Amino acid sequence: MTLYVAKRLALGLLVVVGVLILTFVIARVVPGDPAASWVGPHATPQELAKAHHDLGLDKSVPRQVVDYLHGIVVGDWGVSIHTKHSVLSDLASRAPASVELVVAALLIALALGIPLGLASARWRGRAPDLLVRFAAVAGVSMPVFWLALILQLIFFQKLGILPVAGQYDPNLDYTSPLAAHTHMAVVDALVEGNWPVLWSALQHLVLPAVVVAAYPLGVIARMVRASVLETLGEEHVRMVRALGFPERAVFWRFGLKPALNPIVAITALVFAYSLANTFLVEAIFDWPGLGSYVAASTQSLDTPAIIGVTLLIAIVYVVSNLIVDIVQAFLDPRIRLS
């Protein structure tokens, strides 16, 4: 098991380094001058030359890659061009909001996807199965920006029951200031016991979380359906049926539990995908997470920030896959012996 985990760690590290180098090179060869964004539009040639030197842009690209990799090892991810803060501090303040959104979306996806997948398998070929399969395909294939705009139109503009943007009502800060312990509005409000902000944060969380949950909900529902149907077709289940067990007991007792094992794997992978998929959703709902940070960084050619976010997402993907591999290897020794 130790050797298996070590191999997976080595492969994961190789993937992260490869993504980092590729992103760094692409960011350096695209048109534009990050130094000009750093010093501003009215800088003198001397100031521009100094900015090139300070940012290391006067070195060769291979040398810049080596210097950046060394900085990653020692904890220096560079300085953001548009915020003038370290990229690590920016990520530490922005990533929690995105994580809050993704966690809420996954809770919705699991709470709805598992029962829908079970219902689809239970009534295979009937109306509930067709409806669930249609909804799952729609959730997986529907563009997030279109779904976000439709929900805004219905629940904000037409019905007026849910807010359209932000983490919570900023006017509440004047009466109930919220301390940023974790940069997650719901968690901070719970820690502070700030019930007005908590209620506002939950309301603001509904629409973006539903939009982000559309894809994982469809994936989970289809995975549960396929796993249950596959389990029900195995020999031990057919034997249980032959022994006279009622169909309800066969489904819930012998078909459900083994079929839920793949949900652990798919949930970890969907979490990483959803974290990257929130960028467009955050821009639409003005959510102060990684999405808005990347959008501002792209407009200002903020190479350190863009590379930092890319590196963070790559690490999340690698760690998610590593967790899945370890869990599956622990449950099935054949995997780590293969």
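So, here's what we can say about the structure. Note that the structure is predicted; figures quoted are calculated from it, not measured. (Residues numbered from 1 in each chain as written. Predicted model: local features only at pLDDT ≥ 70, side-chain atom pairs only at ≥ 80, totals over all residues. Heavy atoms only, no water.)

Side note on the nonpolar core
- Counting residues in hydrophobic clusters, the biggest one holds 36 residues, and the most contacted among them are Leu91 and Val228.
- Broken down by secondary-structure element, the contributors of at least two residues to this core are α5 (87-122), α9 (195-232), α10 (235-242), α11 (247-259), α12 (261-285), α13 (290-299) and α14 (303-331).
- Ranked by the residues each element gives to this core, the list is headed by α5, at 8 residues.
- Counting residues in each nonpolar core, the second largest holds 28 residues, with Leu101, Ala105, Leu147 and Leu178 among its members. (Core = buried A, V, L, I, M, F, W, Y, C linked by side-chain atoms within 4.5 Å. Buried < 20%, exposed > 50% of the residue type's maximum accessible area, 1.4 Å probe, protein only. Helix = DSSP H or I, 4+ residues; strand = E, 2+ residues; numbered from the N terminus.)

Thoughts on the packing of aromatic side chains
- Taken as a whole, this structure holds 1 aromatic pair when the rule is applied.
- In this arrangement the basic side chain of arginine 122 is found over the ring face of tryptophan 123, its NZ or CZ atom lying 5.8 Å from the centre. (Phe/Tyr/Trp six-rings, centres within 6.5 Å; stacked < 30°, edge-to-face > 60°. Lys NZ or Arg CZ within 6 Å of the ring centre and 35° of its normal.)

What about helix α8 (residues 185-192)?
- Of the positions making up α8, those classed as buried are Ala185, Val186, Asp188 and Ala189. The arc that holds every buried residue of α8, seen down its axis, measures 165°, which confines them to one face.
- Just downstream of α8, glycine 193 is the residue with a positive phi angle, here 70°. (Arc of directions from axis to C-beta.)

Regarding the pattern of salt bridges
- Tallying each qualifying case throughout the model produces 3 salt bridges.
- Between arginine 63 and aspartate 67 there is a salt bridge, with the nearest N and O atoms lying 3.4 Å from each other. Of this pair, arginine 63 and aspartate 67 both sit in helix α4 (residues 61-74), 4 residues apart, roughly one helical turn.
- Through salt bridges with shared partners, a single ionic network connects Asp129, Arg133 and Arg225. (Salt bridge = Lys/Arg side-chain N within 4 Å of Asp/Glu carboxyl O.)

Details of the environment of phenylalanine 251
- With respect to the helices and strands, phenylalanine 251 occurs in helix α11.
- Among the residues examined, phenylalanine 251 registers a relative accessible area of 2% and is labelled buried.
- On a C-alpha basis, the gap between phenylalanine 251 and leucine 229 in space is 9.6 Å, while along the polypeptide they are 22 residues apart.

What about the packing of helix α6 (residues 127-141) against α9?
- Orientation of α6 relative to α9, taken along the N-to-C sense of each, is 140°, at an axis distance of 7 Å. By the angle class used here, α6 and α9 are oblique. Once α6 is placed against α9, the crossing between them reads as left-handed. Contact residues: α6 offers Asp129, Val132, Arg133, Ala136, Gly139 and Val140, while α9 offers Ala214, Tyr215, Gly218, Val219, Ala221, Arg222 and Arg225.
- Within the contact of α6 with α9, the residues separate by chemical class into 7 nonpolar, 2 polar and 4 charged. (Axes fitted to C-alpha atoms, helices over the stretch in contact; angles between N-to-C directions. Parallel < 35°, antiparallel > 145°, perpendicular 65-115°, else oblique. Left-handed = near helix turned anticlockwise from the far one by under 90°. Contact = heavy atoms within 4.5 Å. Nonpolar A, V, L, I, M, F, W, Y, C, P; charged D, E, K, R; others polar.)

What to know about helix α7 (residues 144-158)
- Its 15 residues place the ends of α7 20 Å apart at the C-alpha level, agreeing with the 21 Å of an ideal helix rising 1.5 Å per residue.
- If you check which residues of α7 are buried, you get Val144, Leu147, Ala148, Leu151 and Gln152.
- Glycine 160 sits one or two residues past α7 and shows a positive phi near 65°. (Expected span 1.5 Å × (residues − 1).)

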